[in-house]
Amino acid sequence: MVSPSFQALAKKLLVVGGTGGVGFQVCKVAVARGWDVTSLSRRGKPTMTETNMSDFVAPQGWTQKVNWAQGDSLDPSSYKEAIVGTNAVVHTVGILLEDNYKEVLHSQSFEDLTKNIQSAIRGSNPLDTGKKPKSGLTYERINRDTAITVANEAGKEGVDTFVYISAAFPPPMVPNRYITTKREAEHALLTNTTGFRPIIFRPGFLSTPERPITLPLAGLLKVSSAILGNSLKGTIPFAQAASTPPVGMDVLARAIMNAIENPDIKGIVDVDGIDELAHNPDSKTVGANKKKQELVDEKKEHKQE
């Protein structure tokens with residue numbers, strides 16, 4: 001365990017959705033770097049499985065160093081104490097599908113994945129925007145409103161940095177509201193006037209050994225993206241997915257913590273920026289800085305002409 005004297009000096013991190021895939025990895029990286037970490041989720045404590053058992057058992061058992069808080073990100077009173085004195089917040093909450101999304105995430109085979117996706121799609125009509133999902137979890141509430149609500153509280157508490165996990169593109173067969181709600185959350189964070197530094201990550205497909213079905217898909221995408229390169233980016237969803245390199249959740253977590261600890265990073269970090277940050281903590285050419293550099297390069301080209 002971290003000594004009380006050291007913990008008092010450590011910077012404080014609040015991970016919203018810390019029991020999920022990306023959030024869990026962020027907690028792990030942050031603890032290893034000496035941060036005082038609190039996870040906020042509806043279930044509170046994470047579930048131990050065969051693939052993550054070493055995270056719970058000594059000597060690698062870093063989970064004992066995290067404050068696993070239970071709360072609702074849409075209800076500020078449930079995390080009022082957790083956010084006080086926090087230096088940075090990482091928001092990792094999100095849903096891919098409004099119904100049956102848990103089953104999709106934890107599919108153990110391609111057959112299970114196909115059945116779960118078909119079940120979710122059959123249960124929702126993307127043209128019927130007035131229909132509410134059986135789960136009560138909507139894109140608006142989870143992908144957008146949770147981020148804005150926590151960000152408003154972070155602003156009130158004087159949090160330095162707010163990180164939001166968005167997406168590079170709308171996944172195939174997923175309603176467009178998935179991505180529009182994420183873009184609405186991005187806009188709210190980037191235009192927030194309370195003073196925190198907003199960092200938006202836009203990864204492609206995410207994989208982790210804890211979700212076995214993601215590994216073969218990531219392998220296929222590595223091959224297809226290497227072959228296709230940038231030729232199909234910005235086109236139809238299937239083409240975007242096939243031409244965008246996948247990202248390991250552990251790699252994304254490392255990039256997130258590097259961005260938080262690098263005061264030069266802010267704004268939108270794309271897929272290439274994630275890879276750059278994960279391997280170069282001192283990078284100054286991602287996020288808002290990338291746009292500045294592109295403008296400088298563009299001016300140089302015009303002068304040369």
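Residues numbered from 1 in each chain as written. Predicted model: local features only at pLDDT ≥ 70, side-chain atom pairs only at ≥ 80, totals over all residues. Heavy atoms only, no water.

Chemist: Which residues make up the overall build of the protein, and what are the values?
Modeler: For the protein, the helix and strand inventory stands at 12 helices and nine strands. Sorting the 305 residues of the protein into buried and exposed places 46% on the buried side. By sequence separation, contacts in the protein at least 24 residues apart represent 70% of the contacts at least 6 residues apart. With an accessible surface of roughly 15700 Å², the protein has 55% of that area assigned to carbon and sulfur atoms. (Helix = DSSP H or I, 4+ residues; strand = E, 2+ residues; numbered from the N terminus. Buried < 20%, exposed > 50% of the residue type's maximum accessible area, 1.4 Å probe, protein only. Contact = heavy atoms within 4.5 Å. Areas by Shrake-Rupley, 256 points an atom, 1.4 Å probe, with all protein chains shown as cover.)

Chemist: Requested: an account of the pattern of salt bridges, with residues and values cited.
Modeler: Inspection of the entire model under this criterion finds 10 salt bridges. Lys-284 is the salt-bridge partner of Asp-264, the closest N and O atoms lying 2.3 Å from each other. Pair noted here: Asp-264 is in the loop between helix H10 (249-261) and strand S9 (267-269) and Lys-284 is in the loop between helix H11 (271-279) and helix H12 (288-304), with a separation of 20 residues, a long-range link. The class for Asp-264 is partly exposed, based on a relative accessible area of 33%. (Salt bridge = Lys/Arg side-chain N within 4 Å of Asp/Glu carboxyl O.)

Chemist: Break down the packing of helix H2 (residues 21-32) against H10 for me, with residues and values.
Modeler: Running from N to C, H2 and H10 point in directions that differ by 55°, and their axes come no closer than 8 Å. Between H2 and H10, the angle falls in the class oblique. Crossing of H2 against H10: the hand is right-handed. When H2 is examined against H10, the residues Gly-21, Val-22, Gln-25, Val-26, Val-29 and Ala-30 are found in contact with a partner set consisting of Met-249, Asp-250, Leu-252, Ala-253, Arg-254, Ile-256 and Met-257. (Axes fitted to C-alpha atoms, helices over the stretch in contact; angles between N-to-C directions. Parallel < 35°, antiparallel > 145°, perpendicular 65-115°, else oblique. Left-handed = near helix turned anticlockwise from the far one by under 90°.)

Chemist: Quick one: what's the story with the environment of Ala-253, residue by residue and with numbers?
Modeler: Its place among the elements puts Ala-253 in helix H10. On a C-alpha basis, the gap between Ala-253 and Val-29 in space is 6.8 Å, while along the polypeptide they are 224 residues apart. Residue contacts for Ala-253: discarding those within four places in its chain leaves Gln-25, Val-26 and Val-29.

Chemist: Outline unusual backbone geometry, listing residues and values.
Modeler: The phi dihedral of Met-173 falls on the positive side, at around 70°, and the residue is not glycine. Structurally, Met-173 can be placed in the loop between strand S5 (161-165) and helix H7 (177-190). Residue class for Met-173 comes out exposed when judged on its relative accessible area of 52%.

Chemist: Any chance you could break down the packing of helix H6 (residues 139-156) against H7 for me, citing the residues and the numbers?
Modeler: At their nearest, the axes of H6 and H7 sit 8 Å apart, and the two run at 10° to each other. One element, H6, and the other, H7, form an angle in the roughly parallel class. Contact residues: Tyr-139, Glu-140, Asn-143, Arg-144, Ala-147, Ile-148 and Ala-151 in H6; Arg-177, Tyr-178, Thr-181, Lys-182, Glu-184, Ala-185, Ala-188 and Leu-189 in H7. For the contact of H6 with H7, a count of residues per class yields eight nonpolar, two polar and five charged. (Nonpolar A, V, L, I, M, F, W, Y, C, P; charged D, E, K, R; others polar.)

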